[in-house]
Amino acid sequence: MRIIHLTAWLDAVSRPTAAAFVALFMFFALIRSSLITVLPLAVHAHFRDAQDVSLVFFAVSAFGLLGSLVIPLLLQRLRRRTVFSAGAALGIVAPGLMATGSEAALITGMALHLLAVAALEVALNLFIMDHIPRREINLFEPTRVFYTAGMWTIGPWLGVWLGAHVGTAAPFALASIGAAGMLGYFWYLRLTDSPAVASRKKPSPNPLVYLPRFFGQPRLALAWGLAIGRAAWWALFFIYAPIYIVTAGLSDVMAGAVVSLSTASFFLVPAWSRLARRYGMRFLLLAGYGATGTMTLVTALLMGDAAFGTLALLAAAVAAGIIDAAGNVPFLRAVHPYERPEMTTVYNTYRGVAQLLPPGIFALLLKLFALPAVFVAGGIAMLALTGYCRYLPRRL
């Protein structure tokens with residue numbers, strides 16, 4: 001019986017099925033998670049101040065956002081598989097730059113890493129919409145989040161542990177290996193562009209042309225705003241939680257362990273998915289944004305105590321995992337099939353915006369207030385987005 005199951009699984013991952021896309025996202029999660037705690041700690045080690053760390057991440061995120069706006073131009077001139085391959089190649093090269101140890105190479109590598117992430121995510125989402133039926137998206141997204149949870153649970157701790165016990169270049173080497181594995185598996189699958197998309201007349205390559213059409217559709221605009229809130233909260237967490245833990249007197253490895261434990265909440269996705277099927281995705285998002293905002297505010301109140309503050313951070317991360325169970329469902333269910341490439345390129349700017357806003361805003365806050373102000377602002381923002389969840393369709 002086990003041989004039959006193994007044969008079926010191998011067959012599923014050798015073709016462009018949902019299982020194959022889950023495997024690609026697992027590589028994607030490894031590339032990102034192995035550096036997610038290493039990078040804030042590396043920047044903090046260079047600059048030694050939370051405000052300076054914010055400014056570095058703001059500058060890098062600004063480049064990443066501008067770079068992501070170039071992707072629509074590339075998609076009009078190149079095949080999606082070429083854009084994907086270029087993104088994976090950047091994912092191999094960027095960690096090598098960061099591993100050199102100089103400030104300039106670290107910042108340059110971080111910027112290229114963000115560009116790689118944007119290219120890979122846009123291309124992956126387009127391939128998913130080509131190969132997975134629209135009615136199956138609600139099931140695919142929780143499955144994707146659940147199976148990538150392993151990478152997000154191990155990666156943050158493993159990256160810091162490798163840096164502390166193997167060598168400072170080790171976590172960057174792991175990220176490069178993950179990108180190489182992703183590129184090899186992608187070419188093994190031989191994914192191609194949808195004939196319906198490739199054969200139709202191409203629209204203007206200027207991404208600014210798409211903006212009025214995108215934001216003229218309230219459901220797309222709402223999905224974009226909620227996605228920014230979700231990604232911005234995780235940006236807050238991944239940048240400032242390790243800094244707090246280290247400044248509280250705990251070790252770098254402990255900071256990585258806390259982040260890994262927090263992302264282990266993704267394993268609860270099947271439970272949240274069952275709730276969504278029973279009560280609706282709208283209910284799930286209302287609960288997720290509300291609980292995340294509340295626990296983030298509690299984290300700020302408990303900032304004077306390392307133990308209780310860490311527990312509050314963990315609780316907030318569990319609540320944020322509820323939001324991640326929904327993934328990109330609000331967008332994927334709202335976008336029209338005939339304009340997927342254009343709307344997807346606009347929608348995916350949410351990641352660049354979400355990475356840009358927190359360090360920019362928090363750099364200003366940290367000039368006037370102490371670190372807890374970061375979590376106060378984050379909590380209030382998530383509670384505000386809870387109100388916007390009321391405008392989601394009841395039958396999402």
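Treat the numbers as computed from the prediction; the structure is a model and nothing was measured.

A. Examining the nonpolar core more closely. Among the nonpolar cores identified, the biggest contains 71 residues, and Phe237, Tyr240 and Phe375 are the most heavily contacted of them. Among the elements that take part in this core, helix H12 (residues 218–247) stands out by supplying 13 residues, more than any other. Ignoring sequence-local partners within four residues, the contact set of Tyr240 consists of Ser54, Pro358, Pro359, Phe362, Leu366, Leu371, Val374 and Phe375. In this structure, Phe25, Leu75, Phe331 and Met343 belong to the second largest nonpolar core, which totals 54 residues.

B. The arrangement of the packing of aromatic side chains in detail. Under the criterion given, the structure shown has 20 aromatic pairs. Residues Phe186 and Trp187 carry aromatic rings whose centres are separated by 6.1 Å and whose planes lie at 85° to one another, so their mutual orientation is edge-to-face. Look at Phe186 and you get buried, because its relative accessible area is 1%. Overall, the relative accessible area of 40% leaves Trp187 in the partly exposed class. Directly above the aromatic system of Phe25 lies the positively charged group of Arg144, at a separation of 4.8 Å from the ring centroid. One cation-aromatic arrangement involves Arg390 over Tyr391; the distance from NZ or CZ to the ring centre is 5.2 Å.

C. Structural context of empty space enclosed by the protein. With the rule as written, the count across this model stands at five cavities of 30 Å³ or more. Considered as a void within the structure, the largest cavity measures approximately 760 Å³ in volume. Lining the largest cavity are 34 residues, with Arg32, Ile36, Trp152, Phe238 and Arg351 sitting closest to its centre. Within the residue set of the lining of the largest cavity, elements represented by two or more residues are helix H2 (18–36), helix H3 (38–47), helix H4 (50–68), helix H7 (103–131), helix H8 (137–165), H12 and helix H19 (349–368).

D. How the structure looks around the pattern of salt bridges. The tally for this structure, following the rule as stated, stands at one salt bridge. We note a salt bridge from Arg230 to Asp324, for which the minimum N-O separation is 3.8 Å. In this pair, Arg230 sits in helix H12 while Asp324 sits in helix H16 (residues 306–326), placing the two residues 94 residues apart along the sequence.

E. A look at the confidence of the model for the protein. Summary statistics for the protein give a mean pLDDT of 83 and a share of 91% for residues scoring 70 or more. Counting contacts from residues 1–6, a segment whose pLDDT is below 50, to residues more than four positions away or on other chains yields zero contacts. In this model, residues 196–201 is a region of pLDDT below 50 whose contacts with residues beyond four sequence positions or in other chains number six contacts.

F. The arrangement of the side chain of Arg282 in detail. Locating Arg282 in the fold gives a position in helix H15 (residues 281–301). What makes Arg282 buried here is its relative accessible area of 14%. In this structure the side chain of Arg282 is engaged in a polar contact, spanning 2.9 Å, whose partner is the backbone oxygen of Arg390. In this view, Arg282 contacts Cys389, Arg390, Leu392, Pro393 and Arg394; residues no more than four positions away in its chain are not counted.

G. Broad picture of helix H9 (residues 170–189). For H9, built from 20 residues, the straight-helix expectation of 28 Å at 1.5 Å per residue is met to within 8% by its first-to-last C-alpha distance of 29 Å. Listing the buried residues of H9 in full gives Ala170, Pro171, Phe172, Leu174, Ala175, Ser176, Gly178, Ala179, Met182, Tyr185, Phe186 and Leu189. Following H9 by one or two positions, Arg190 adopts a phi angle in the positive range, close to 55°.

H. View of the packing of H15 against helix H20 (residues 372–388). Contact pair H15 / H20: the axes reach a minimum separation of 7 Å and the direction vectors enclose 160°. Looking at the two axes, H15 sits roughly antiparallel to H20. As for the relative orientation of H15 and H20, their crossing is left-handed in sense. Between H15 and H20, the residues in contact are Leu286, Tyr289, Gly290, Thr292, Gly293, Thr294, Thr296, Leu297, Thr299 and Ala300 and Pro372, Phe375, Val376, Gly378, Gly379, Ile380, Met382, Leu383, Leu385 and Thr386, respectively. For the contact of H15 with H20, a count of residues per class yields 11 nonpolar, nine polar and no charged.

I. Region of interest: H4. Under the 1.5 Å per step criterion, the end-to-end length of H4 is 26 Å for 19 residues, consistent within 8% with the ideal 27 Å. For H4, the complete set of buried residues consists of Ala50, Val53, Ser54, Val56, Phe57, Val60, Ser61, Gly64, Leu65, Gly67 and Ser68. Its buried side turned inward, H4 meets H3, helix H5 (71–77), H7, H12 and H19.

Conventions used here
- Residues numbered from 1 in each chain as written.
- Predicted model: local features only at pLDDT ≥ 70, side-chain atom pairs only at ≥ 80, totals over all residues.
- Heavy atoms only, no water.
- Core = buried A, V, L, I, M, F, W, Y, C linked by side-chain atoms within 4.5 Å.
- Buried < 20%, exposed > 50% of the residue type's maximum accessible area, 1.4 Å probe, protein only.
- Helix = DSSP H or I, 4+ residues; strand = E, 2+ residues; numbered from the N terminus.
- Contact = heavy atoms within 4.5 Å.
- Phe/Tyr/Trp six-rings, centres within 6.5 Å; stacked < 30°, edge-to-face > 60°.
- Lys NZ or Arg CZ within 6 Å of the ring centre and 35° of its normal.
- 1 Å grid on protein atoms, 1.4 Å probe; cavity = no way out; pocket = protein on both sides within 12 Å on 5 of 7 lines; lining within 4 Å.
- Points joined across faces, edges and corners; volume = space filled by probe spheres on them.
- Salt bridge = Lys/Arg side-chain N within 4 Å of Asp/Glu carboxyl O.
- pLDDT = per-residue confidence, 0-100.
- Polar contact = N/O pair within 3.5 Å; in protein donor to acceptor, adjacent residues only side chain to side chain.
- Expected span 1.5 Å × (residues − 1).
- Axes fitted to C-alpha atoms, helices over the stretch in contact; angles between N-to-C directions.
- Parallel < 35°, antiparallel > 145°, perpendicular 65-115°, else oblique.
- Left-handed = near helix turned anticlockwise from the far one by under 90°.
- Nonpolar A, V, L, I, M, F, W, Y, C, P; charged D, E, K, R; others polar.

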